[in-house]
Amino acid sequence: GPMPEDFVEMNQALPDAIYDIRYYTDNNFVGEPVEGYLEPKCILQQQAAKALQEVATKASEQGLKLKIFDCYRPQRSVAHFMRWAQDLSDIHTKADYYPNLPKDKLVGEYIAERSGHSRGATVDLTLARQDSEGNWQELDMASPFDMFDPLSNTANPTISAEQAANRQLLKELMESAGFSNYAMEWWHYSLVPQPYPDTYFDFPVK
Ligand SMILES: C[C@@H](N)C(=O)N[C@H](C)C(=O)O
Ligand SMILES: [Zn+2]
């Protein structure tokens, strides 16, 4: 079906954020563009969209931008993840994305079969700050987006004080707008309550 009327294209509604929609590209844990991503767009249900605009405004007061990796995720994209997960012979992205975990341990903890992303009010993101040359650089969160590893657990006790403070800054900004973090992944936030708690949408990202 088409995009529901209460979903919003964030690239238009929040043009100041940095969009790096990785599942549109081959720069992701699957290693190829993911089914369902026809354009590199961030789409969110409107309550989540509004909340994220609030976050961006607060972040900008501290000289920070939001860098967004994924938003609404079609169910067919999740199905693509599941096909990838079941093919245990394909480990060509292991060194970059799950160096310390066997591939058969990823689904459930780090990749969901029924994902909040498909309900339209979940976002994967980080914060960026301008360096002395004016380029926006991601804050050091100790692990990159989609590194499926205990190092990415938000409260991992082995990261540096600065890395922990950066995760905490993102968490406080997001929580103050009504989002809740997934403790396994420092980048994953869902609006609470979920506007569509039981609906897994499948319209393509375009
Ligand atoms: C795959 C990763 N970016 C993610 O979003 N994981 C959670 C658990 C999900 O799939 O909903
Ligand atoms: Zn996520």
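Help me understand the coordination of the zinc ion (ligand 2) in this model?
Ideal values for angles at a metal depend on the geometry: 109.5 degrees with four tetrahedral donors, 90 or 180 degrees with six octahedral donors. Summarising the metal site, the zinc ion (ligand 2) is bound by the protein donors H117 (NE2), D124 (OD), D124 (OD) and H188 (ND1), whose distances to it range over 1.9 to 2.7 Å. Considered as a linear motif, the donors of the zinc ion (ligand 2) on their single chain read H-x6-D-x63-H. Placement of D124 in strand β5 (residues 122–130) and of H188 in strand β8 (residues 185–191) is noted, with a sequence separation of 64 residues between them.

Mind showing me how you'd approach the environment of Q45 here?
Residue placement: Q45 occurs in strand β3 (residues 43–45). Sequence separation between Q45 and L191 is 146 residues, and the spatial gap between their C-alpha atoms is 9.8 Å. Beyond its immediate chain neighbours, meaning those up to four positions away, Q45 contacts D6, F7, G120, P195 and Y196.

Can you walk me through the pairing of strand β7 (residues 179–182) in this structure?
Walk down a regular strand and you will see the side chains alternate between the two sheet faces. Of the strand pairs in this sheet, β7 and β8 are connected by 4 bridges, and their pairing is antiparallel. Note that in β8 the partner of S180 across the bridge is S190. The antiparallel pairing of β7 with β8 creates a hairpin that spans 2 residues between the two strands.

In this structure, what is going on with the side chain of H80? I would like to understand it.
When you line up the elements, H80 lands in helix α3 (residues 75–86). Engagement of the side chain of H80 in a polar contact is seen with the backbone nitrogen of E35, the distance being 3.0 Å. Contacts of H80, omitting those with residues within four sequence positions, involve V30, E32, P33, V34 and E35.

Looking at this structure, I do not really get the site of ligand 1. What am I missing?
Lining the immediate environment of ligand 1, one finds 15 residues, of which R73, Y110, A112, S115 and D146 sit closest. Interatomic distance of 3.0 Å between a side-chain N/O atom of Y23 and a nitrogen atom of ligand 1. One of the side-chain nitrogen or oxygen atoms of D146 is found 2.7 Å away from a nitrogen atom of ligand 1. If you map ligand 1 onto the pockets, it falls in the largest pocket. At 3 residues, the largest contribution of residues to the shell around ligand 1 is made by β8. The residue makeup of the shell around ligand 1, split by class, is 8 nonpolar, 3 polar and 4 charged.

Thresholds applied
Residues numbered from 1 in each chain as written. Chains lettered and ligands numbered in written order. Predicted model: local features only at pLDDT ≥ 70, side-chain atom pairs only at ≥ 80, totals over all residues. Heavy atoms only, no water. Donors = N, O, S within 2.8 Å, 3.2 Å for Na, K, Ca; no water. Helix = DSSP H or I, 4+ residues; strand = E, 2+ residues; numbered from the N terminus. Contact = heavy atoms within 4.5 Å. Pairing = 2+ DSSP bridges. Polar contact = N/O pair within 3.5 Å; in protein donor to acceptor, adjacent residues only side chain to side chain. Near = heavy atom within 4 Å. 1 Å grid on protein atoms, 1.4 Å probe; cavity = no way out; pocket = protein on both sides within 12 Å on 5 of 7 lines; lining within 4 Å. Sits in = over half its atoms within 2 Å of the grid points. Nonpolar A, V, L, I, M, F, W, Y, C, P; charged D, E, K, R; others polar.

Structural measurements only, silent on function.
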